[in-house]
Protein chains: 2
Amino acid sequence: MENFRFQCATKIIFGKGTESFVGKEVGKLTNKILLHYGGGSIKKYGLYDKIIKLLKEESIEIVELAGVKPNPRLSMVGKGIELCRKNKVELILAVGGGSVIDSAKAISIGVNYNGNVWDFYTGKERAKKALPVGVVLTIPAAGSESSPGSVITKEEGSYKRPYVDNIIRPRFAILNPEISYTLPPYQTACGVVDIMAHIMERYFTTVSNVDLTDRLCEAALKTMIKNAPVVLKKKDDYNARAEIMWTGTVAHTDLLETGRIGDWGSHDIEHELSGIYDIAHGAGLAVIFPAWMKYVYKKDIQKFVQFAVRVWNIEYDFDNKGKMVFEGIKRLKEFFKQIGMPVSLKELNINSDRFDEMSRKATENGPLGNFMKLSKEDVFNIYKLSQ
Amino acid sequence: MENFRFQCATKIIFGKGTESFVGKEVGKLTNKILLHYGGGSIKKYGLYDKIIKLLKEESIEIVELAGVKPNPRLSMVGKGIELCRKNKVELILAVGGGSVIDSAKAISIGVNYNGNVWDFYTGKERAKKALPVGVVLTIPAAGSESSPGSVITKEEGSYKRPYVDNIIRPRFAILNPEISYTLPPYQTACGVVDIMAHIMERYFTTVSNVDLTDRLCEAALKTMIKNAPVVLKKKDDYNARAEIMWTGTVAHTDLLETGRIGDWGSHDIEHELSGIYDIAHGAGLAVIFPAWMKYVYKKDIQKFVQFAVRVWNIEYDFDNKGKMVFEGIKRLKEFFKQIGMPVSLKELNINSDRFDEMSRKATENGPLGNFMKLSKEDVFNIYKLSQ
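All figures in this text were calculated on a predicted structure; none of them were measured in a lab.

Caption draft 1: Fine view of the overall build of chain A. Broken down by element type, chain A carries 15 helices and 8 strands. A compact globule built from 387 residues should have a C-alpha radius of gyration of about 21 Å, and chain A, at 20 Å, falls within 12% of that. With respect to the principal axes defined by its C-alpha atoms, chain A has extents near 70 × 45 × 45 Å. Buried positions account for 57% of the 387 residues belonging to chain A.

Set out below in structure tokens:
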């Protein structure tokens, strides 16, 4: 086990009807906010009206910025920074999924920074100040509601880059699983894959003697495998929606990574895809992750055997470990298919034309991943395996 | 799953040599502290000298209060409060295990309270202010290093009572597994039982649809079952010590209780024992918990079957669930014996003389537990089953 520091101070308010606490929670911190959200879905289902009413009851002044898109854009972040400065906003309330929250986090560190906020995403600068961010979660997926990460896409050059810093962990996150009832099946499934990927990125580590976190990861994966098919059959199954939503948050607080070194290669490889083709991050991960597994498993076959046995209940085969590994990967792919996800680039209408460009861009700051360090060639091969 | 709120803001600094950060961490918060600890063990192994040196390097003024005993006493808390007031102390640094930390927490809420600090423990008052508490952990057991709880014993009448409040969660906790190398086997085992009991108190709930937290609890229990025997054979096995220490903390942050209602009956029943007989809390729990299980399992046999199958790998017996339940309890008792713990009151030289008195005192504020509500008679019967 590696030495580590861990602190996740986000206040979680979880359960039925909990959005009703939003006015009080914001009111404890400020009376002037930026209300940040995506498209019209929060208006369609009445969430917007409810939140506005609750904020007004606490006499909170609201500046609005709508229109955040999946794979949130740097240009939108710029608009948000400007609005916050002009209106002396003191808190950003993100109502949405990972894209909205990531955009809010980027705005929060840009407001009091004199340079270009993209500097944080290229690694040029670390944030010294951040406005507090509050969250009302609508999509369980990215885990951004209590994570220290934000991923932003710069349109010019199609760069998608992460910034990770405790300073941007939200102050509070309101999680009502009922709000996720209206998510279409495809988006629900993309969220499921994203959550599972967050767990698996941490699971596949070369750090040994990590019993507790291995088992916590397996616990989280098994919970997803059980509950995802349930909500795809019955969209308003509260308990299954609740399991998915809470697992999605727990999966990304870093607790599952304590004492370990996560991989994160598959995420970086996928970021190139969704950065260029604007596909859903979860769908991209469903394609990339199994291919990555096939490519790297020999680095530590025992970990993949453990994955097969403990997560997929595959009987230990004393004669053929490789067979177990492939059976584990096969089950994962079958699960992704079962929930309606693509498992090949072909299904996403992506051909090999830009494999070379993506491999180059993905590795321009050095090799990817930790479980196995991936060069440009490795990344290219993984794209090929994903076809 | 139940609605819940969860926030654990304690900063964890975990790993080899991490006590070297104590001066810097304290220095970020104040320059005047109460250094609170137990007997001579921290002096014997050089930890005391090291900490004093690090604090002095940061020009921190130190008031000392040593002598905290297991089952920490209200009289000691009173002394601490007086010292803090007199010296205008701004932070309490607890160097020790659960007793020292619990004592520090009690002092922290007593300093700015005009009444008797015992009021918090009888439920008469809630704390409005608390001095910050920092921790250097020496004994993995109580989980107090990041928990919202404190248990204090009032000598007069031998009352042992808990106070639970987010306000007393420590600000930071330094966890170096190497420091636990010097713990004698008996104390190590008591800590193991305490940690497992914290998990099991949460595991046995009547709340249904709690997949994630069920599995997180099982993950934590399996980690303990694997690693405890290792450190009892080889006291300086870093990895096994690390697993135990980190599991002990995670077990008591309340994450494992999110969306559930824990039981806590066994803890209350045990508190009467250690309050009167001054036995180690863990040893008392090793005796009480299996007896409690035998007494209550019929309330929800399926949960105990799951415990047998998932935690103890007992094969599912389609014909005889009761047999599986008893096999699970038997394995737990065998495990406790294997690590040198008592599994009967006789082994602790406790006879039935005070069963009646303890049952009465334990239930004087109402029935105990949640999995099954326990009356005075029930508690009496559980003491009898523990003989």
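Caption draft 2: The arrangement of the domain arrangement of chain A in detail. All names here are of chain A. Here chain A is partitioned into domain 1 (11-178) and domain 2 (185-385). Looking at the side of domain 1 that touches domain 2, the elements that each hand over two or more residues are strand 1 (4-14) and strand 7 (159-164). Grouping the constituent residues of the side of domain 1 that touches domain 2 by class yields 10 nonpolar, 6 polar and 3 charged.

Caption draft 3: How the structure looks around the confidence of the model for chain A. Mean pLDDT for chain A: 96, with 100% of residues reaching 70 or above. Among the scores for the predicted complex, ipTM is 0.96 and pTM is 0.96.

Caption draft 4: View of the relation of the copies chain A and chain B. The operation relating chain A to chain B is a screw motion whose rotation component is 180 degrees, with 0.0 Å of axial translation and a residual RMSD of 0.0 Å. Read as a symmetry element, the transformation amounts to a two-fold axis. Distance from the rotation axis, computed per C-alpha, reaches its smallest value in chain A at A:Ala9: 2.0 Å.

Caption draft 5: Local environment of the environment of B:Ser352. All names here are of chain B. Looking at the secondary structure, you find Ser352 in the loop between helix 13 (321-338) and helix 14 (355-362). Judged by local crowding, Ser352 falls into the exposed class, with 12 C-beta atoms found within 10 Å. Through-space distance from the C-alpha of Ser352 to that of Tyr277 is 12 Å; in sequence the pair is 75 residues apart.

Caption draft 6: Geometry of the interface of chain A and chain B. The partner chain B presents 34 residues to the 34 residues of chain A that form the contact. Counting residues per element, the ones that place at least two in the side of chain A that touches chain B are strand 1, helix 8 (211-233) and helix 9 (238-250) of chain A. Ranked by the residues each element gives to the side of chain A that touches chain B, the list is headed by helix 8 of chain A, at 11 residues. Considered class by class, the residues forming the side of chain A that touches chain B number 14 nonpolar, 11 polar and 9 charged. Across 7 bridges, the pairing between strand 1 of chain A and strand 1 (residues 4-14) of chain B is antiparallel. When the bridges of strand 1 of chain B are listed, A:Ile13 appears paired with B:Arg5.

Caption draft 7: Up close: the packing of helix 4 (residues 74-87) of chain B against helix 5 (residues 98-110) of chain B. All names here are of chain B. Closest axis-to-axis distance for the helix 4/helix 5 pair is 9 Å, and the angle between their directions is 50 degrees. In this view, helix 4 runs oblique relative to helix 5, as classed from their interaxial angle. Of the two elements, helix 4 crosses helix 5, and the hand of that crossing is right-handed. Contacts between helix 4 and helix 5 involve Met76, Val77, Gly80, Ile81 and Cys84 on the former and, on the latter, Ser103, Ala106, Ile107 and Gly110. For the contact of helix 4 with helix 5, a count of residues per class yields 6 nonpolar, 3 polar and no charged.

Caption draft 8: Broad picture of the sheet that holds strand 8 (residues 172-175) of chain B. Pairing in this open sheet of 12 strands is mixed, and the strands run 3(A)-2(A)-4(A)-5(A)-8(A)-1(A)-1(B)-8(B)-5(B)-4(B)-2(B)-3(B) from one edge to the other. At either end of the open sheet lies a strand with only one pairing partner, and these are strand 3 (61-65) of chain A together with strand 3 (61-65) of chain B. On average, each strand axis in the sheet is inclined to that of its neighbour by 25 degrees, with strand direction left out of account. Taken together, the 5 bridges between strand 2 (residues 32-37) of chain B and strand 4 (residues 91-96) of chain B define a ladder with parallel strand orientation. When the bridges of strand 4 of chain B are listed, B:Ile33 appears paired with B:Leu91.

Caption draft 9: Up close: helix 9 (residues 238-250) of chain B. Residues and elements named next belong to chain B. In a regular helix each residue adds 1.5 Å, so 13 residues correspond to 18 Å; helix 9 covers 18 Å between its end C-alpha atoms and thus fits that length. The element helix 9 is extensively covered by neighbouring structure, given that 11 of its 13 residues are classed as buried. Of the positions making up helix 9, those classed as buried are Ala240, Arg241, Ala242, Glu243, Ile244, Met245, Trp246, Thr247, Gly248, Thr249 and Val250.

Caption draft 10: Geometry of unusual backbone geometry. Residue and element names in this part refer to chain B. With a phi close to 55 degrees, Asp278 is a non-glycine residue in the positive phi region. With respect to the helices and strands, Asp278 occurs in the loop between helix 10 (265-277) and helix 11 (281-296). Residue Asp278 is classed as exposed on the basis of its 12 C-beta neighbours within 10 Å. The backbone of Asn349 shows a phi angle near 60 degrees, a positive value even though the residue is not glycine.

Caption draft 11: Summary view of the pairing of strand 5 (residues 133-137) of chain B. All names here are of chain B. With respect to burial, strand 5 is a largely interior element, 5 of its 5 residues being buried. Along strand 5, one buried face is formed by Val133, Val135 and Leu137 and the opposite face, lined by Gly134 and Val136, is buried too. As judged from the 5 bridges shared by strand 4 and strand 5, these two strands associate in the parallel manner. The residue of strand 5 that forms the bridge with Leu93 is Gly134. For strand 5 and strand 8, the ladder comprises 4 bridges, and the chain directions are parallel.

Caption draft 12: Structural view of the pairing of strand 6 (residues 149-154) of chain A. All names here are of chain A. Burial runs high along strand 6: 5 of the 6 residues are buried. In this sheet, strand 7 lies alongside strand 6 in antiparallel orientation, the contact comprising 6 bridges. Note that in strand 7 the partner of Lys154 across the bridge is Tyr159. Adjacent in sequence and paired antiparallel, strand 6 and strand 7 are bridged by 4 residues, among which Gly157 carries a positive phi angle near 90 degrees.

Caption draft 13: Structural view of helix 3 (residues 47-57) of chain B. Residue and element names in this part refer to chain B. Considered for burial, the residues of helix 3 that qualify are Leu47, Ile51 and Leu55. Considered in projection along helix 3, the buried side chains sweep an arc of 60 degrees and stay on one side of the axis. Away from its buried face by more than 90 degrees, helix 3 exposes Asp49, Lys53, Lys56 and Glu57. Buried residues in helix 3 make contact with helix 1 (22-27), helix 2 (41-44), strand 3, strand 4 and strand 5. After helix 3 finishes, the residue Ser59 shows a positive phi value of roughly 55 degrees.

Caption draft 14: Broad picture of the environment of A:Lys373. Looking at where A:Lys373 falls in the secondary structure, it is placed in the loop between helix 14 (355-362) and helix 15 (376-385). The class of A:Lys373 is partly exposed, set by 13 C-beta atoms lying within 10 Å.

Rules behind the numbers
The numbers attached to residues start from 1 for each chain and follow its sequence in the written order. For this description, chains carry letters from A and ligands carry numbers from 1, given in the order in which they are written. Side-chain atom pairs in this predicted model are given and counted only at pLDDT of 80 or more, local residue features only at pLDDT of at least 70, and totals for whole chains, interfaces and linings cover all residues. In this text, helices come from DSSP runs of H or I with a minimum length of four residues, and strands from runs of E with a minimum of two, each type numbered from the N-terminal end. C-alpha atoms define the radius of gyration in this analysis, and the globule rule sets the expected value at 2.2 Å times the number of residues to the power 0.38. Remark: C-beta atoms are placed from the backbone, and a residue is labelled buried if 20 or more other C-beta atoms sit within 10 Å of its own, exposed if 12 or fewer do, or partly exposed between those counts. What counts as a domain boundary in this text is fixed by an automatic or database domain assignment. Residues were grouped as follows: Ala, Val, Leu, Ile, Met, Phe, Trp, Tyr, Cys and Pro as nonpolar; Asp, Glu, Lys and Arg as charged; and all remaining residues, including Gly, as polar. Known as pLDDT, the predictor's confidence for each residue is given on a scale from 0 to 100. Least-squares superposition of the copies uses the C-alpha atoms of those residues scoring a pLDDT of at least 70 in each of them. The contact rule is simple: place each C-beta atom from the backbone, and if two of them lie within 7 Å, those residues are in contact. Criterion used throughout: strands pair if DSSP finds at least two bridges between them. Fitting a line to C-alpha atoms yields each axis, with helices limited to the stretch in contact; the angle taken between N-to-C directions then spans 0 to 180 degrees. Here the angle decides the label: under 35 degrees means roughly parallel, over 145 means roughly antiparallel, 65 to 115 means roughly perpendicular, and every other value means oblique. Here a crossing is called left-handed whenever its near helix is offset anticlockwise from the far helix by less than a right angle, and right-handed whenever the offset is clockwise. One less than the residue count of a helix, multiplied by 1.5 Å, gives the span that helix is expected to have. Starting at the helix axis, one direction is taken to each C-beta atom, and the arc is that of these directions.

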